[in-house]
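# Fold and contact review
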Amino acid sequence: MKPISLIQFLIEERRAGHINAELTLLIEVVARACKRIAVATNKGAIGGVLGEAGTGNIQGEAQKKLDVISNEILLEANAWGGQLAACASEEMEDPQQIPDMYPKGHHLLLFDPLDGSSNIDVNISVGTIFSVLRCPDGVTEPKAEHFLQPGTTQLAAGYVVYGPATVLVLTFGHGTHEFTLDREVGSFILSRRDIRIPEETAEFAINMSNQRHWEPPMQRYIGELLAGQDGPRGKDFNMRWVASMVADVHRIITRGGVFFYPLDAKIKSKGGKLRVMYEANPMAFIIEQAGGSATTGRERILDLQPTGLHQRVPVFLGSKKEVEVATHYHLEADGARS
Ligand code: FDP
């Protein structure tokens with residue numbers, strides 16, 4: 001079969017009435033920016049892109065050079081095309097307005113320019129995550145409050161993983177699809193259409209070093225997985241933790257599994273580890289569109305009404321049956337307490 005390029009796929013989605021011309025351009029621009037980030041990432045030490053930038057972001061986290069470079073690449077690429085009303089980045093406190101000299105569009109773009117930054121310097125996969133919302137009617141200078149829309153309203157979401165291959169995974173709410181970058185040609189090529197995550201799995205991803213800080217229902221759930229065949233679940237489970245959310249999610253998109261970043265005593269006051277707008281919502285949309293499930297351990301992520309641009313939440317996502325069991329244990333424990 002003839003390979004289908006990203007642009008051809010986008011035109012087909014447009015003809016099918018799933019996206020409009022502005023969103024077609026927006027995704028094309030984001031994909032092009034991600035190709036530039038892939039080039040910068042691939043250069044590694046000889047590109048002078050490794051190490052600390054010597055600055056901190058809004059979350060008070062030290063920024064890596066590649067965090068800053070990737071953020072600039074995405075901002076610059078998206079400023080002039082006329083497809084955006086504004087954008088927001090995990091690396092910036094406030095939304096970025098479109099310069100007056102350029103036309104404005106009807107979309108809001110949110111992104112985590114380089115997720116998994118602690119893995120940059122050790123040559124392990126990192127990625128970009130993005131989410132697209134509609135700008136509310138009549139708003140010409142979008143502020144943070146205009147971005148605070150539930151995940152169910154997302155028009156598109158995607159991530160790019162910069163690994164041995166550069167891979168883009170995308171949804172417009174009509175299935176989840178994967179594109180692999182052909183480096184020689186410079187095009188993303190459709191590599192999997194309508195990805196389906198198996199409902200059952202025997203593989204989980206979690207940072208086990210936080211175990212003693214978890215809530216009792218999480219202790220119970222993971223305790224049962226670790227007990228394997230001799231425990232109440234009656235089967236052995238395997239564990240994987242890359243510590244780059246994009247890479248862990250991509251494994252789940254490829255062979256099933258579950259990913260957890262639960263609430264723990266260390267991060268309770270922050271609400272969780274991962275950000276609703278830049279990580280939880282886009283990943284939940286992608287996972288649900290592939291037949292998986294995504295909750296905070298208590299409710300569906302996509303139903304949350306966000307209260308802050310940089311708000312954090314617990315994240316449980318992946319194969320439906322396992323997300324259901326872990327969520328059920330939390331709700332049961334809450335019920336027993338009340
Ligand atoms: P990072 O802080 O390195 O950007 O976005 C947060 C994130 O990485 C996720 O990509 C990853 O899943 C998680 O944090 C890793 O957390 P731990 O440091 O607890 O392993």
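Residues numbered from 1 in each chain as written. Predicted model: local features only at pLDDT ≥ 70, side-chain atom pairs only at ≥ 80, totals over all residues. Heavy atoms only, no water.

### Considerations on the side chain of Thr 296
Assignment of secondary structure puts Thr 296 in the loop between β15 (293–295) and β16 (312–313). Here Thr 296 falls in the buried class, since its relative accessible area comes to 8%. A distance of 3.2 Å separates a polar atom in the side chain of Thr 296 from the backbone nitrogen of Arg 298. Aside from chain neighbours lying at most four places away, what touches Thr 296 is Ile 301, Leu 304, Val 313, Pro 314 and Phe 316. (Helix = DSSP H or I, 4+ residues; strand = E, 2+ residues; numbered from the N terminus. Buried < 20%, exposed > 50% of the residue type's maximum accessible area, 1.4 Å probe, protein only. Polar contact = N/O pair within 3.5 Å; in protein donor to acceptor, adjacent residues only side chain to side chain. Contact = heavy atoms within 4.5 Å.)

### Describing the packing of aromatic side chains
Two numbers describe a pair of aromatic rings. These are the distance of the centres and the angle of the planes. The full count for this structure, using the stated rule, is six aromatic pairs. Their ring planes at 75° and their centres at 5.0 Å tell us that Phe 9 and Phe 179 sit as a pair that is edge-to-face. Here Phe 9, found in helix α1 (residues 6–15), pairs with Phe 179, found in strand β9 (residues 176–182); they are 170 residues apart in sequence, far enough to count as distant. A relative accessible area of 0% means that Phe 179 is categorised as buried. Each member of the aromatic cluster is reached from another via a ring pair, and the members are Tyr 221, Phe 260, Phe 316 and Tyr 329. (Phe/Tyr/Trp six-rings, centres within 6.5 Å; stacked < 30°, edge-to-face > 60°.)

### Focus on the sheet that holds strand β6 (residues 126–134)
Here eight strands make up an open sheet; going across it, the order is β4-β3-β5-β6-β7-β8-β9-β10 and the pairing mixed. Only two strands of the sheet have a single neighbouring strand rather than two, namely β4 (96–97) and β10 (187–192). Strands in contact with helix α6 (residues 245–255) are β5 (107–115), β6, β7 (156–162), β8 (166–171), β9 and β10; relative to β7, the strand with the most contacts, it is inclined by about 105°. (Pairing = 2+ DSSP bridges. Axes fitted to C-alpha atoms, helices over the stretch in contact; angles between N-to-C directions.)

### Section: the UniProt feature "binding site: Mg(2+) 2" (unreviewed entry) in the chain
Those residues carrying the UniProt feature "binding site: Mg(2+) 2" (unreviewed entry) are Asp 112, Asp 115 and Glu 279 in this numbering. For this annotated set, covering 168 residues, all C-alpha atoms fall within 8.7 Å of each other, a compact arrangement in space. From the set just named, the residues that line the largest pocket comprise Asp 112, Asp 115 and Glu 279. Within the secondary structure, Asp 112 is located in strand β5. Residues contacting Asp 112, with those up to four places away along its chain left out, are Glu 90, Gly 127, Thr 128, Ile 129, Tyr 278 and Glu 279. With respect to the helices, strands and loops of the structure, Glu 279 is situated in helix α7 (residues 276–289). Leaving out residues up to four positions away in the same chain, Glu 279 has contacts with Glu 90, Asp 112, Asp 115, Ile 129, Met 245 and Leu 274. In terms of polar contacts, Glu 279 uses its side chain to reach the backbone amide nitrogen of Arg 275, at 2.7 Å. (UniProt positions renumbered as here; feature names shortened; annotations may be inferred. 1 Å grid on protein atoms, 1.4 Å probe; cavity = no way out; pocket = protein on both sides within 12 Å on 5 of 7 lines; lining within 4 Å.)

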